[in-house]
Amino acid sequence: MMDEGFRLFYISGEQNKKAAAFTGIRTYSMLRTGKMIYIDDLFTLPEYRGRGYAAALLDHVSEIAKNAGIRSVHLDTGYALHDAHRLYLKKGFFLAAHHLAQAIPA
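Rules and cut-offs
Residues numbered from 1 in each chain as written. Predicted model: local features only at pLDDT ≥ 70, side-chain atom pairs only at ≥ 80, totals over all residues. Heavy atoms only, no water. Helix = DSSP H or I, 4+ residues; strand = E, 2+ residues; numbered from the N terminus. Buried < 20%, exposed > 50% of the residue type's maximum accessible area, 1.4 Å probe, protein only. Contact = heavy atoms within 4.5 Å. Pairing = 2+ DSSP bridges. Axes fitted to C-alpha atoms, helices over the stretch in contact; angles between N-to-C directions.

With that settled, the discussion passes to the side chain of Thr23. With respect to the element layout, Thr23 can be found in strand S2 (residues 19-30). Taking the relative accessible area as the measure of exposure, Thr23 reaches 1% and is therefore buried. Those residues in contact with Thr23 that sit more than four places away from it in its chain are Arg7, Leu8, Phe9, Ile39, Asp41, Leu42, Leu57 and Val61.

Okay, structure coming up:
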C-alpha cells in the first residue's frame, strides 16, 4: 500500500504502548472529484473510544488537504456504524454517494 501513496497516522495510547487510534489515507484524482484525499481506514480501539481521537485524526486529515490545496476528503463507512456517521456529519462530511461493490468469484 505504501507504494500506492498510502500514509498512516496514529494517536498513541497510555504510555505510548500501542496505537489507540489510527487513520490511513491516500491522495488520488478522479474525473468527478479532481484531486482528493481518500480515508482508507479510521479506527479507534474500543477501550479508547469517546476520547476524541477519531475527531482529532479527521481534523488532521482536513489540515493536510487544506495545506496541499486539495478541495475534498472522502471515505466509505459501514452501513450500521451510526456513531461514526454522527461524527462524520458533525465534522462536515455529507452523504455524497452510495458505494456499491461486486465480489468476483475466484
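Our next topic: the sheet that holds strand S4 (residues 73-75). The mixed open sheet is built from four strands, whose spatial order is S1-S2-S3-S4. Each of the sheet's edge strands pairs with one partner strand only, and the pair in question is strand S1 (7-12) and S4. Strand after strand, the sheet turns through a mean of 30 degrees between neighbouring axes, direction not considered. Pairing of S1 with S2, which is carried by six bridges, proceeds in the antiparallel orientation. Across the sheet, Arg7 pairs through a bridge with Ile25, a residue of S2. Across the sheet, helix H1 (residues 53-67) lies against S1, S2, strand S3 (34-44) and S4, angled at about 165 degrees from S3, the strand it touches most.

Scope: geometric values only; no functional claims are made or implied.
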